[in-house]
Amino acid sequence: MLDLKFIRENPDLVRDAIRRKKETDRIGEILQLDGNRRELLRKSELIKSDRNRIADEVAKLKRQGQDASALIAEGKSKGDDQKGIEEDLRKVEDDLNELAMYVPNLPHSSVPVGNGSEDNVETRRWGEVRKESDFDFKLLDHLTLGEKLGILDFARGSKVAGAGFPVYLGKGAALERALINFMLDLHVTKHGYTEVFPPFVVNKASMRGTGQLPKMAEDMYHCEIDDLYLVPTAEVPVTNLRRDEVLSVEELPTKYTAYTACFRREAGSWGKESRGFLRVHQFNKVELVKLVKPEESYDHLEKLVGDVEEVLQLLNIPYRVMLLCTGDLSFSAAKCYDIEVFAPATEAREGWLEASSCSNFESFQARRANIRFKRDAKSKPEFVHTLNGSGLATSRLMVALLENYQTPEGKVIVPKVLHRYTGFTVID
RNA sequence: GGAGAGGUGGCCGAGUGGUUGAAGGCAACGGUUUGCUAAACCGUCAUACUGGGUAAACUGGUAUCGAGGGUUCGAAUCCCUCCCUCUCCGCCA
């Protein structure tokens, strides 16, 4: 969330950002509540100060063995006065905090202004994009291919859990595991991330910390009895590892990578692009998370994107990097690149599938999650900047892999870098 | 799940109703001393919110002893609820 003081002092900047991100502008109410809060706070603190003074004087009198009943009576009535004010204050604070949670992060100045995905800017492209017409045989899409090879089973996934819970079988399961291990190893050994295997469920405080709550409540799986949420992304447990901590400057940048399964209800988003792997309730993802110094966060964003790109380059899967415009930028992000892989047999979005999203949240999450650092022993703690990116989600990656690596015989060649993980070179 | 013990500042640890934001120690920071290091000595040593002040220095107030509520003129200290940690027992992958 944003600093209330910042909102108070720069309401127009914030309003502008809200408009660009197409969120609801409730800044007027926030400013009003903030004024009320400060007024009530002043009143309440004045009374408390009186009460403290009275209590001290009572103590003094008692020590001297004198009568203090007049003061005690006064203290009692002050206490009654305070109750009413305190109640009002708490209500105002609750309302204010709730509203403040719904104020989005400000887009960075380098983010193009735009309405939606049509205004995103392609910043670069890598690999050979071979369209369907470039192949001299009839391409199969990932679903058909997966079923024919017996490596994917959506029907049985529906039986045991429900639609959108895919099942991987045999070499498909092995390939999935290989991808995960390959990506983790690359990020750990080559890019210097620390591997984390976090819990797959988190509490409310964690969900608030990274900004999924309260806005995205509908999209989470929630275990009511224990009040726990299934993680929608490893970003949540991993970023929250350091919640309420003050890091030393030597710890920055802190870089984590983690595999988790990701669970999303995807409420209301069924319809187009929902065939097969394109939209599922459970998928696998290797996530990258960085906690960095504020002045370095934009350099780190570029490096983060580079770390993700290397995965695709090693797998030799064509992709493009999209800089999201203000209208497509998520609630918490200040700047975000999407990495889209190309899947030649997929009709949706002309074959370009979002496989990674790399964002700089600046201090937005750090403020919510209260993650700070000290430049040295004497300086005040400052909020870190947090970044994260999928490095990558395997579901969409699997689509691109199967479709790009298929042969005229309906087999799939395993990319070379995965051989040492799979133990086989062809799926047939 | 059952029984017990406990959660105090960066860390250790005292404190069972009244100048306790919290003794003492360690660590850290500044300084004195020192050929260097060590030691010794002196000092500083929480955070947030809020008011005054020049959005500085400085300064007033409030809150914070796991969290939330209650009792009281007054709570780290008494009562209730919850969370977490440890030990033992049970159950279990």
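Residues numbered from 1 in each chain as written. Chains lettered and ligands numbered in written order. Predicted model: local features only at pLDDT ≥ 70, side-chain atom pairs only at ≥ 80, totals over all residues. Heavy atoms only, no water.

Trainee: Please explain unusual backbone geometry as it appears in this structure.
Mentor: Outside of glycine, negative phi angles account for most residues, and trans bonds account for most peptide bonds. Put simply, L213 and P214 share a cis peptide bond, and its omega is 5 degrees. When you line up the elements, P214 lands in the loop between α8 (204-209) and β4 (222-223). Across the junction of L252 and P253, the peptide omega takes the value -5 degrees, indicating a cis bond. Examined against the element boundaries, P253 turns out to sit in the loop between β6 (245-248) and β7 (254-263). A positive phi angle is found at D244, which is not glycine, with a value near 60 degrees. Residue position: D244 is located in the loop between α9 (235-239) and β6. Positioned with a positive phi, N370 is a non-glycine residue whose angle comes to about 55 degrees. If you trace the backbone, N370 turns up in the loop between α11 (364-369) and β12 (371-374). Among the residues examined, N370 registers a relative accessible area of 23% and is labelled partly exposed. (Helix = DSSP H or I, 4+ residues; strand = E, 2+ residues; numbered from the N terminus. Buried < 20%, exposed > 50% of the residue type's maximum accessible area, 1.4 Å probe, protein only.)

Trainee: Would you explain the pattern of salt bridges in this entry?
Mentor: Close approach of charged atoms allows side chains with opposite charge to pair. Following the criterion strictly, the structure yields 30 salt bridges and no others. Between D34 and R37 there is a salt bridge whose closest N-O contact spans 3.5 Å. Here D34 pairs with R37, and both are found in helix α3 (residues 27-63), just 3 residues apart, close to one helical turn. Given the relative accessible area of 2%, D34 is considered buried. With relative accessibility at 17%, the residue R37 sits in the buried group. Close ionic contact of R156 with D153 constitutes a salt bridge, the shortest N to O distance being 2.6 Å. (Salt bridge = Lys/Arg side-chain N within 4 Å of Asp/Glu carboxyl O.)

Trainee: What's the story with the domain arrangement of chain A in this structure? I'm lost.
Mentor: Interfaces are often sized by the amount of accessible area the parts lose when they come together. The domain boundaries assigned to chain A delineate domain 1 (4-101) and domain 2 (117-427). Taking only C-alpha atoms into account, the centre of domain 1 sits 43 Å from that of domain 2. Taken together, the 6 residues of domain 1 in the interface contact 11 residues of domain 2. Regarding the contact of domain 1 and domain 2, the summed buried area is about 760 Å², with carbon and sulfur atoms giving 49% of it. Of all residues in domain 1, the largest losses of buried area upon contact with domain 2 belong to K21, E23 and M101, amounting jointly to 74% of the total for that side. At the boundary of domain 1 and domain 2, one finds 1 salt bridge. (Domains from an automatic or database assignment. Contact = heavy atoms within 4.5 Å. Buried area = accessible area lost by both parts, 1.4 Å probe.)

Trainee: Mind showing me how you'd approach helix α2 (residues 11-21) here?
Mentor: An α-helical turn contains 3.6 residues, so a residue and the one three or four places further along point in the same direction. Within α2 the residues assigned to the buried category are P11, V14, A17, I18 and K21. Here the buried residues of α2 occupy an arc of 125 degrees about the axis, which is enough to place them on one side. Residues of α2 that are exposed and point more than 90 degrees away from the buried face comprise D12 and R19. Lining the buried residues of α2 we find α1 (4-9) and α3. At the C-terminal side of α2, K22 shows a positive phi close to 60 degrees. (Arc of directions from axis to C-beta.)

Trainee: Whenever I open this one, the sheet that holds strand β1 (residues 121-126) confuses me. Can you help?
Mentor: The strands making up a sheet are joined through hydrogen bonds of the backbone, oriented either antiparallel or parallel. Spatially, β1-β9-β10-β11-β14-β8-β7-β2 is the arrangement adopted by the 8 strands of the open sheet, whose pairing is mixed. In the strand order of this sheet, the two ends are held by β1 and β2 (194-196), each with one partner. The sheet shows a mean angle of 20 degrees between the axes of neighbouring strands, taken without regard to direction. Pairing of β7 with strand β8 (residues 282-292) involves 10 bridges; the strand directions are antiparallel. Bridging from a neighbouring strand, T254 pairs with L291 of β8. Relative to the sheet, helix α10 (residues 297-315) contacts β1, β8, β9 (319-323), β10 (335-342), β11 (352-362) and β14 (385-393), its axis offset from that of β14 by approximately 10 degrees. Those strands touched by helix α12 (residues 394-404) are β8, β10, β11 and β14, and its axis lies near 35 degrees from that of β14. (Pairing = 2+ DSSP bridges. Axes fitted to C-alpha atoms, helices over the stretch in contact; angles between N-to-C directions.)

Trainee: Can you help me understand the protein's contact with RNA strand B in this one?
Mentor: Within the structure, RNA strand B sits among 23 residues, and R37, E45, R51, A55 and R90 are positioned closest to it. Note that a sugar or linking oxygen of RNA strand B is positioned 3.3 Å from one of the side-chain N or O atoms of R63. In this structure, I72 approaches RNA strand B through a main-chain N or O atom, which is 3.1 Å from a sugar or linking oxygen. For the surface near RNA strand B, the secondary structure elements donating two or more residues are α1, α3 and α4 (69-101). Here the element with the most residues in the surface near RNA strand B is α3; it accounts for 13 residues. Along the lines of polarity and charge, the residues of the surface near RNA strand B split into 6 nonpolar, 3 polar and 14 charged. (Near = heavy atom within 4 Å. Polar contact = N/O pair within 3.5 Å; in protein donor to acceptor, adjacent residues only side chain to side chain. Nonpolar A, V, L, I, M, F, W, Y, C, P; charged D, E, K, R; others polar.)

Trainee: Quick question: what am I supposed to make of the packing of aromatic side chains here?
Mentor: Two descriptors summarise a pair of aromatic rings, namely the distance from one centre to the other and the angle between the planes of the rings. Applying the stated rule across the entire model yields 11 aromatic pairs. With a centroid separation of 5.2 Å and 75 degrees between ring planes, the pair formed by F154 and F277 is classed as edge-to-face. Here F277 lies in the loop between β7 and β8 and F154 lies in helix α6 (residues 154-160), a separation of 123 residues in the sequence. As far as the burial class goes, F154 and F277 line up, both buried. One Lys or Arg, K171, reaches over the ring of F424 and ends 4.8 Å from the middle of that ring. Positioned above the aromatic ring of Y193, the side-chain terminus of K255 is 4.8 Å from the ring centre. (Phe/Tyr/Trp six-rings, centres within 6.5 Å; stacked < 30°, edge-to-face > 60°. Lys NZ or Arg CZ within 6 Å of the ring centre and 35° of its normal.)

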